[in-house]
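Descriptive structure summary
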Amino acid sequence: MTQQPLPSTAPLDGTLYRYYFVGHGAQFRVYSVYTLDDKPTGRVIKVPLDFEETKSSIIAPLKLVAQYNTEEELDELADKRTREVMQFKHDMPNLMQGIMGEDKTFMSKLGNMKVLQAPIPAPVKSGPSAYYLPIFFTQDYVMTLDAYLQHFRLATISYTRDLDLRTIKMLKQVIRQMIALNFLIWEYGIFEFVFKPENLGIRFSKHGTVELIWMDLAEHITDLEKAEKIIGEKRWLHPLMPHKIDYQFMPTVLHDYYTTACSRAFTVDNLRKHWRKRCIRAESKYARELKMKELLSYSHKQSVTHWVNRHNLSVTLYRGFQKHTIDDMDIPIADLELLLRDRHRANPPENSFREEQIERHLARSKPLVRLLFPLPTHENNRQKANNS
Amino acid sequence: MQQPKTGATTFSELGHGAQFKVYDMQNDRVLKIPLTEAETYQVAKRRRNIVHGTIEEIASLDVRVQTFMNSKARIPAMVTHHFDDPSEFLALIGNPIIAPVSELLPEDTPEKRWAAARFVYTQDKVAMANTMLHNISKMPELLSGDERRLKRYIEDYIQLVYKTWEYGYSDYIFKLGDTGTDKKGNMIIVDLGEWTTDVDFINRALVEKWWLDNVNHQKSDFPKLPQKLEDFYIKTLEAAFTPEELAKRWRTKHTCSDCNEETTTIAAFVSTKVAEIDYIDRL
């Protein structure tokens, strides 16, 4: 795998590691973890934002999209949104427990996310032996898909970018993997409802192949009915809409292929086909095993236990952390305290891309610009073949 | 202050009732943290509370919330009662241990009020009957194997309640869903928030058959037994949960250093006084 470049922010020196701030969302501040000799560990640590910090991070985008008359109304909306965001973060450990945590392939697609819970001494005013227990996560350090896609900004203009066949093939692969990642989580009964490419990460093998992972899967639901409704709204088109300022605008050159591929994939039929497929398989497998144990038990007590356990599988199969989902970096408590104190960080400047704004602006003024240079799709190819 | 190690424990939320949030400690134990008053309001609002056997609303929301808050405050006294040998009694209720961290709950503020229930406790983790009953209720029909086991489960439940009576304690809600089985197959009552030591009160609960809530379809907060088993349940419990059966067993194993003549008198007096306030429990 290719190594990530050293982030440009000033590091925090901990006891065992050095932490470079790489960015924040509404839920976490993310730091890449290096040794004190600046050797990459290949991991990041996600530091949870508290209520106040979350609120201050959502207020600016909320101002742009929310409808309100007074500052008090805005404040109320911000409080509500903050609570929602905090709740999503709170549900994140569910993604790593039970059969999902056992599935190493699935965990690899979540960037080998691991949970890190540590009792942090609370401020002195809370009492001499008081602790609190924030939930950190560590994860593989990969490039954000967003940053990768910046390389294809304005590729509709041949003077700014050149797209060779290999790159086109890779971009198509990226879009197919975006779809596959959604199918994968659907099979565990999880539905990511924002369809933000920013939530994905990308890594490259030595042979140049790409692998996409979920970097941020916090905004998810588990209700099929709601998921079907969202599918009907075609939210995956939001990154193509210039007025959707809460999304990074997708490079224009990808629009055509992305729309065709996603519209084919993200249907209610496909959702139902994939929905909880792996859960159902696991539930049936374990139910069969427990039924056998129940029948073969000599004691009444044991057989009742197996029977009750069999009827609890819908809950118990999704509970419990595997050893490999609990962080093993031995990050000292003092370092965690240091990271928690490093509040209100602004995103580094490379997170705002000028060419993104230009493309968005062009799309606003000339909505058909995307048709100028689409990535070849099956239809294009077929049409070309027919023409020739 | 001793520095704890990272990764020593990883808790995950299992759910909540009307009184506690429950966290899996990943070591076959759960941790229960009391809900604040505001959280209790949220839960109470979702639940329809009715007088036993009727559809009449039991009390105002405010009063119900206070009852939830007050009744859980009695748990520490039950768990730490000085039985000569508490192990058998504690095993019936999942070996609860009051965690020595009560100072962690900060002082009450208007937003966060724990009132009298300022404690957290740990308990054995069990496979819950609640989930089992929900799962069975979703099945198109009750299979004969499940029917047989469920009948046995009800019979075991009766024996479990009998054992608690021998120690002079009884749950007065009789929610079958609040039981479960531990790893060794022992049945346990996990909800400790609504128990009494008042024999007159529990007698009344038996006479008025509060246990019928398990088959009362108006009581939405009770997981229901399959309809096919309702008759069996009613007949079995009518025979088992009688004042005579209670009298035969009440406090027969209650040997402790806590209860002397004076404390018994004080307890009886306090119980009477509490009855005047805590009237929802006593309807």
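Residues numbered from 1 in each chain as written. Chains lettered and ligands numbered in written order. Predicted model: local features only at pLDDT ≥ 70, side-chain atom pairs only at ≥ 80, totals over all residues. Heavy atoms only, no water.

Here the focus is the nonpolar core. Counting 70 residues, the largest nonpolar core has A:F106, A:L145, A:Y148, A:M178, A:W186, A:F191 and A:F266 as its most contacted members. It is helix 6 (residues 165-186) of chain A that provides the largest number of residues to this core, a total of 12 residues. Once you skip the residues sitting within four places of it in the chain, A:W186 turns out to touch A:F191, A:I231, A:F266, A:N270, A:L271, A:H274, A:W275 and A:R276. Among the nonpolar cores identified, the runner-up in size contains 57 residues, and B:Y153, B:I158, B:Y172 and B:L225 belong to it. (Core = buried A, V, L, I, M, F, W, Y, C linked by side-chain atoms within 4.5 Å. Buried < 20%, exposed > 50% of the residue type's maximum accessible area, 1.4 Å probe, protein only. Helix = DSSP H or I, 4+ residues; strand = E, 2+ residues; numbered from the N terminus. Contact = heavy atoms within 4.5 Å.)

The next subject is the pattern of salt bridges. Residues and elements named next belong to chain A. Under the definition given, this model contains 37 salt bridges over all chains. A salt bridge links K109 to E211, with the nearest nitrogen and oxygen atoms 3.1 Å apart. Within this pair, whereas K109 is found in helix 4 (residues 104-109), its partner E211 is found in strand 12 (residues 210-214), the two being separated by 102 residues in sequence. One network of salt bridges, in which partners are shared, links R29, D50, E52, E53 and R343. (Salt bridge = Lys/Arg side-chain N within 4 Å of Asp/Glu carboxyl O.)

Where helix 11 (residues 300-310) of chain A contacts helix 6 (residues 144-166) of chain B, the two axes come as close as 11 Å, and the packing angle between them is 115°. Our classification of the angle between helix 11 of chain A and helix 6 of chain B gives roughly perpendicular. Handedness of the crossing formed by helix 11 of chain A with helix 6 of chain B: left-handed. Facing A:H300, A:S303, A:V304, A:W307, A:V308 and A:R310 of helix 11 of chain A, the residues of helix 6 of chain B in contact are B:D146, B:R149, B:L150, B:R152, B:Y153 and B:D156. (Axes fitted to C-alpha atoms, helices over the stretch in contact; angles between N-to-C directions. Parallel < 35°, antiparallel > 145°, perpendicular 65-115°, else oblique. Left-handed = near helix turned anticlockwise from the far one by under 90°.)

Packed helices, taken two at a time, are described by their axes: the angle between them and the distance between them. All names here are of chain B. One way to put it is that helix 1 (residues 37-46) packs onto helix 2 (residues 61-72) with a least axis distance of 9 Å and a crossing angle of 120°. Considered as vectors, helix 1 and helix 2 are oriented oblique to each other. The two elements helix 1 and helix 2 cross, and the hand of that crossing is right-handed. In contact with E37, T40, Y41, A44 and K45 of helix 1, helix 2 contributes L61, D62, R64, V65, Q66, F68, M69 and K72. Residues that form the contact of helix 1 with helix 2 fall into these classes: six nonpolar, two polar and five charged. (Nonpolar A, V, L, I, M, F, W, Y, C, P; charged D, E, K, R; others polar.)

In total, this model carries 32 aromatic pairs over all chains according to the counting rule given. Here the aromatic rings of B:Y172 and B:W210 are separated by 6.5 Å at their centres, their planes lie at 75°, and the arrangement is edge-to-face. Linking B:Y172 in the loop between strand 7 (170-171) and strand 8 (179-181) with B:W210 in the loop between helix 7 (199-207) and helix 8 (230-240), this pair joins segments that are 38 residues apart in sequence. Accessibility classification places B:Y172 together with B:W210 in one group, the buried group. Above the plane of the ring of A:Y286 lies A:K285, whose end atom (NZ or CZ) is 4.7 Å from the centre. (Phe/Tyr/Trp six-rings, centres within 6.5 Å; stacked < 30°, edge-to-face > 60°. Lys NZ or Arg CZ within 6 Å of the ring centre and 35° of its normal.)

Residue and element names in this part refer to chain A. Note on placement: T259 falls in helix 8 (residues 255-265). Along the chain, T259 and I175 lie 84 residues apart, while their C-alpha atoms are 9.8 Å from each other. Non-local contacts of T259, meaning those with residues more than four positions away in its chain, are made with L237 and L240.

Here we take up the confidence of the model for chain B. Residue and element names in this part refer to chain B. Counting all residues, the mean pLDDT for chain B is 83, and 83% of those residues have values of 70 or more. Per-residue pLDDT, averaged within each element of chain B, yields its smallest value for helix 10 (residues 261-277) (64) and its largest for helix 9 (residues 243-249) (96). Segment residues 1-8 is flagged for pLDDT under 50; beyond a separation of four residues in sequence, or across chains, it makes 20 contacts in the model. Here residues 279-283 scores under 50 on pLDDT; set against residues more than four positions off or in separate chains, the count is 21 contacts. (pLDDT = per-residue confidence, 0-100.)

Here the focus is the sheet that holds strand 6 (residues 127-128) of chain B. All names here are of chain B. Across the sheet, three strands lie side by side as 6-8-9; this open sheet has antiparallel pairing. The sheet terminates laterally at strand 6 and strand 9 (187-189), the two strands that pair on one side only. In this structure, strand 8 lies alongside strand 9, joined through three bridges in antiparallel fashion. Its bridge partner being in strand 9, T179 is matched across the sheet by I189. Set on the sheet, helix 6 makes contact with strand 8 and strand 9; between it and strand 9 the angle comes to about 55°. (Pairing = 2+ DSSP bridges.)

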